[in-house]
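Residue-level structure breakdown
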Amino acid sequence: MKLTDVKTLARGVIVNTYEFPFSVSRFCPGPALFTLITLNPSTPGSKCTRPAEKLPAAQVRARRPLAPNPGTAGAAAPPPAPAPAQRHRPEVCCGSVAGLAARLQRQFAVRARGGAGPCGRAVFLAFGLGLGLIEEKQAEGRRAVSACQEIQAIFTQKNKLLPGPLDTRRWQGFRLEEYLIGQSIGKGCSAAVYEATMPVLPQNLEVVKSIRPLPGGGPDVIPREEEPASQAPAFPLAIKMMWNISAGSSSEAIFSTMSQELVPASRAALAGEYGAVTYRRFKGGPKQLAPHPNIIRVFRAFTSSVPLLPGALVDYPDVLPPRLHPEGLGHGRTLFLVMKNYPYTLRQYLCENTPSPRLATVMVLQLLEAVDHLVQQGVAHRDLKSDNILVELDADGCPWLVITDFGCCLADERTGLQLPFTSWYVDRGGNGCLMAPEVSTACPGPKAVIDYSKADAWAVGTLAYEIFGLSNPFYGQGRAHLESRSYQEAQLPALPESVPLEARQLVRSLLQREASKRPSARVAANVLHLSLWGEHTLALKNLKLDKMISWLLQQSAATLLADRLTEKSCVETKMKMLFLANLEYEALCQAALLLYSWRAAP
Ligand SMILES: Nc1ncnc2c1ncn2[C@@H]1O[C@H](COP(=O)(O)OP(=O)(O)O)[C@@H](O)[C@H]1O
Ligand SMILES: [Mg+2]
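These numbers come from a predicted model, not from an experiment.

This part covers the packing of helix H12 (residues 357-376) against helix H14 (residues 455-467). Put simply, H12 and H14 touch, their axes get as near as 10 Å, and they point 165° apart. Classified by the interaxial angle, the pair formed by H12 and H14 is roughly antiparallel. Helix-helix and strand crossings are classified by hand; for H12 and H14 the assignment is right-handed. Contacts between H12 and H14 involve Ala360, Met363, Val364, Leu367, Leu368, Val371 and Leu374 from the first element and Asp456, Ala457, Val460, Leu463, Ala464 and Ile467 from the second. Residues of the contact of H12 with H14, tallied by class, amount to 12 nonpolar, no polar and one charged.

Turning next to the site of ligand 1. Taken together, 19 residues lie around ligand 1, and Ser190, Lys240, Lys340, Asp387 and Asp405 are the ones closest in. Contact between ligand 1 and Asp387: an oxygen atom at 2.9 Å from a main-chain N or O atom of the residue. Contact between ligand 1 and Asp405: an oxygen atom at 2.8 Å from a side-chain N or O atom of the residue. If ligand 1 stood free it would expose 550 Å²; the protein chains cover 94% of that surface. Of all the secondary-structure elements, those providing two or more residues to the shell around ligand 1 are strand S3 (180-187), strand S4 (191-197), strand S6 (237-242) and strand S8 (333-340).

Confidence in the prediction for the protein chain averages 77 pLDDT; 68% of positions are at 70 or higher. Of the regions scoring below 50 in pLDDT, residues 1-105 engages in 211 contacts with residues more than four places distant in sequence or in other chains. Long-range and interchain partners of residues 107-117, a stretch whose pLDDT sits below 50, account for nine contacts in this model, where long-range means more than four residues apart.

Take the coordination of the magnesium ion (ligand 2) next. Perfect tetrahedral coordination of a metal by four donors corresponds to 109.5 degrees between them, and perfect octahedral coordination by six donors corresponds to 90 or 180 degrees. Taken together, Asn388 (OD1) and Asp405 (OD) make up the full set of protein donors to the magnesium ion (ligand 2), lying 2.1 to 2.2 Å away. Placement of the pair is Asn388 in the loop between H12 and strand S10 (389-393) and Asp405 in the loop between strand S11 (399-403) and strand S12 (418-420), with a sequence separation of 17 residues. Assigned by exposure class, Asn388 and Asp405 land together as buried.

Quick look at the pairing of S4 now. Across the seven residues of S4, seven count as buried, placing the element largely inside the fold. In S4, alternate side chains face the same way, and those of Ala191, Val193, Glu195 and Thr197 on one face and Ala192, Tyr194 and Ala196 on the other are all buried. The hairpin formed by S3 and S4 contains three residues between the paired strands. The pairing of S4 with S6 spans six bridges and is antiparallel. Looking at S6, one finds that Ala192 is bridged to Met241.

What counts and what doesn't
Residues numbered from 1 in each chain as written. Chains lettered and ligands numbered in written order. Predicted model: local features only at pLDDT ≥ 70, side-chain atom pairs only at ≥ 80, totals over all residues. Heavy atoms only, no water. Axes fitted to C-alpha atoms, helices over the stretch in contact; angles between N-to-C directions. Helix = DSSP H or I, 4+ residues; strand = E, 2+ residues; numbered from the N terminus. Parallel < 35°, antiparallel > 145°, perpendicular 65-115°, else oblique. Left-handed = near helix turned anticlockwise from the far one by under 90°. Contact = heavy atoms within 4.5 Å. Nonpolar A, V, L, I, M, F, W, Y, C, P; charged D, E, K, R; others polar. Near = heavy atom within 4 Å. Polar contact = N/O pair within 3.5 Å; in protein donor to acceptor, adjacent residues only side chain to side chain. Areas by Shrake-Rupley, 256 points an atom, 1.4 Å probe, with all protein chains shown as cover. pLDDT = per-residue confidence, 0-100. Donors = N, O, S within 2.8 Å, 3.2 Å for Na, K, Ca; no water. Buried < 20%, exposed > 50% of the residue type's maximum accessible area, 1.4 Å probe, protein only. Pairing = 2+ DSSP bridges.

Here it is in structure tokens:
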């Protein structure tokens, strides 16, 4: 970017003209717009639905106006530059453009009446022409913003999740006895998970006819051999039984202590438990997460007495209550969460499959979409790892990822993503290996605060190594192993050349130590969307906004058609729907700018 002209008008209005190689803001698509933004930095903020993002350093540098050239005739010191995010707010541009236009017109009329010399008239004619250009650009910018908003509105409607299997049975599924429980399907640090079904679920009617509930009143445990071959899964549900060592035995105490597990639970999920909904609503319980297709949905949450389930005495005897195991330390009652049963964790999927670079990029993108949703909702997961990501396959065998296990999440209404870190006793989340540098290096103090807004995106950067077929550099031991506290960015291993350049660059930028330099999850997701579906359309040196609008409209139409015409759920169509449902001009332009800068780099 270079300063090409500086003019001082009446009332201290300074017009700087910058030549900028790329359009970066909704109303600032060209050089003249940069000029105007420096005029009125104090105009109030935009109607943008997302908070203004801090830009990565590269972008900030690109947007910062240059100091005026001291040699330029008539140059005056420009007013202090506003923060980059402020400079791109529509009102700033609109207000200053409108004001400037009026002032210029007045001045032009006065000068014309006063018979300014030919030189003066030429200057004002040039200004008039420039202004026409600005207004045209401004109108183009407005069209782009409103196109994004309208597309977003359409796809937000379209993106409603399909109803869950228990949605039609509002008053059922709140007691453990209503379920048939199968084998153990997983175990973590705080719970055991079992496959399960409800005899009343329509897809299980056939299955259930062949299964006689066991006598005894407890949940029925079905031996695996009895599972008949059937199209519908015999156990479409998974039940997570929390281990309760310290939460006490009352339902209220259990809900309160294990409240983070309830963040992805719908309101209906808690409706059966006396006090659970009120706990969340009135007692400052954690947030309720709006549904997202890449985030687990908890259909039911309730407390019940701990049963003796398959493998309990071998796998977790110590956390059983003394009634079931004499040396057990667990309480008699605990929390149960009912979810969809997924066939794989990400770890299991990657053990058995090697996704192609393109498919792997789509998988990373799904994680970024989920993390962006969390950030927008003011929630940080804080325990992202391949065991906490579940996978199912679409009709074409493409993996669909969902983030699960919110037991370590930060979801506080009062503090949001800014956690006061007053002492070492404050919980910073799980999985120390994949803790972002700003979290792992934080030191407690009376005013210390940890900002989690980019911590999950950093963890996705590390998981990308696993998804692209390498080992996670932040796990393990030995010389190749990196520690989040101390690694240098130059030590990050290179991803294979077969991985698209944009994906490689994105992983590097997500793993920058300084959070302010990292792209947000939204911008990072947009980078991959543009890289996957945008080809070169939106990462051009001189992006034409009208061209961008027509590309977006084309994508919208094609996605709607694909969604309608294909009966099977297709991962790529679902991802495009998510992209369009989250379309926002600012974040889109930031992504396009990042892509352009990477492609242009030698
Ligand atoms: N909905 C589910 N479908 C299939 N497997 C699951 C599901 N939820 C959890 N699991 C399995 O159980 C394991 C432990 O579950 P998780 O929720 O992570 O518990 P913890 O809080 O103890 O870590 C997971 O790593 C996974 O293998
Ligand atoms: Mg877990």
